[in-house]
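The primary structure of each chain is shown beneath.
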Amino acid sequence: LYLSMWQLTPIGHELRFQYPISKLTRICKISVLEFFDKLSRWVAMAGAARRMQEQVSRIQSSLAVSTVVYKKLLPIFRKVFASPQQSSNSPSTSSPSSKEHSEQIKSEQSSKQINCKKIFELLWTLFIAMKSFASVSEQLITDDLMNSFHLLLCSVDFIFQDLRNSSSFQHLLNQDFVNLIPPDEPSALETLCRIFKDVVLDAKHFRAHWWLPKLHSLINEQKVTANAESMNEFVENVDQNIESLNEMYEKAMIRKGEMDERMFIPPDVSTVFDDAFDGELVYGDIFLDLLLKYLRSLVFEMILACS
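Residues numbered from 1 in each chain as written. Predicted model: local features only at pLDDT ≥ 70, side-chain atom pairs only at ≥ 80, totals over all residues. Heavy atoms only, no water.

Chemist: Residue-level account of the confidence of the model for the protein chain, with values.
Modeler: For the protein chain, the average pLDDT comes to 78, and 69% of its residues sit at 70 or higher. Counting interchain partners and residues more than four positions distant, the pLDDT-below-50 stretch residues 98–109 has four contacts. Here residues 298–304 scores under 50 on pLDDT; set against residues more than four positions off or in separate chains, the count is zero contacts. (pLDDT = per-residue confidence, 0-100. Contact = heavy atoms within 4.5 Å.)

Chemist: Please provide a residue-by-residue account of unusual backbone geometry, values included.
Modeler: In this model, Q222 sits at a positive phi of 60°, which is unusual for a non-glycine residue. Here Q222 is to be found in the loop between α12 (200–220) and α13 (238–256). For Q222, a relative accessible area of 72% puts it in the exposed group. Of note, E233 is a non-glycine position whose phi angle comes to about 70°, a positive value. Position of E233 relative to the elements: it lies in the loop between α12 and α13. Using a relative accessible area of 36% as the deciding quantity, one classes E233 as partly exposed. (Helix = DSSP H or I, 4+ residues; strand = E, 2+ residues; numbered from the N terminus. Buried < 20%, exposed > 50% of the residue type's maximum accessible area, 1.4 Å probe, protein only.)

Chemist: Describe the pattern of salt bridges, and please don't skip the residues or the numbers.
Modeler: Scanning all chains against the criterion turns up eight salt bridges. A salt bridge links D275 to R78; the shortest N-O distance between them is 3.3 Å. Of the two residues, D275 is situated in helix α14 (residues 275–279) and R78 in helix α4 (residues 50–80); the sequence distance between them amounts to 197 residues. Look at R78 and you get buried, because its relative accessible area is 15%. Across the salt bridge formed by D260 and R262, the nearest N and O atoms sit 2.9 Å from each other. With respect to class, D260 is no different from R262; both count as buried. It is possible to trace a salt-bridge network through shared partners that takes in E250, D260 and R262. (Salt bridge = Lys/Arg side-chain N within 4 Å of Asp/Glu carboxyl O.)

Next comes the structure, spelled out in structure tokens:
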């Protein structure tokens with residue numbers, strides 16, 4: 001069925017039949033690893049056209065990159081954001097006026113709806129959605145591991161700034177990390193690069209020339225809800241933005257025939273704050289297998305480039 005979607009669609013046209021890989025794996029009761037293994041075997045056995053081979057290789061490489069980035073996200077999330085236990089202890093204010101009291105109640109109600117789990121879901125959905133928005137000419141950018149890491153850090157920094165600038169949601173941040181950022185420095189990108197071994201100049205260049213234009217475009221087109229000038233109020237509208245990002249991501253995912261990378265969002269966010277979780281292979285052997293395939297594809301491309 002998956003191969004037929006591509007074989008029945010002329011080159012340059014949108015898929016006539018669109019069916020998510022995740023649904024296929026659920027219906028067939030097979031793992032993602034089994035799906036790609038059987039798909040690769042079938043493509044090789046059937047002598048599929050080069051277009052089909054490239055499509056299979058591309059979705060494997062894209063998922064491999066996201067898997068590596070996800071593994072990098074776990075320690076970053078622990079460093080930047082407060083754990084569920086810490087964030088539940090939000091600070092209280094004393095003796096507010098009646099107007100301030102009503103605003104405080106409204107703020108507290110809003111903050112209760114936004115917790116650590118929501119932040120993780122919003123962050124990862126933002127990352128994979130922005131990655132999927134890349135045009136064909138930009139696909140090489142977002143499928144590159146280093147640029148994807150830049151994209152992840154930009155996503156983290158964007159949400160960090162929003163939380164830091166809000167009096168209602170600062171308790172969702174790890175205060176030890178907040179203290180590392182000078183008060184007059186709005187962005188945490190440089191600090192993130194320094195701690196997590198990214199190239200500062202490259203990350204800033206990516207933010208200025210790719211991330212910010214894309215983000216401004218989404219806000220101006222009202223595809224996501226945030227203040228276009230201050231770039232805040234994104235987290236405040238968390239449910240609306242998650243819904244919008246999911247809708248856009250699903251369309252792009254099905255159109256490109258890619259795997260649903262929302263499968264990485266854990267049902268229990270507290271596992272993210274367990275160091276032992278990092279040592280476990282995500283979804284069994286998927287991480288190792290996809291990483292090896294990704295590395296093999298890179299080696300193959302290097303050989304072709306040198307020949």
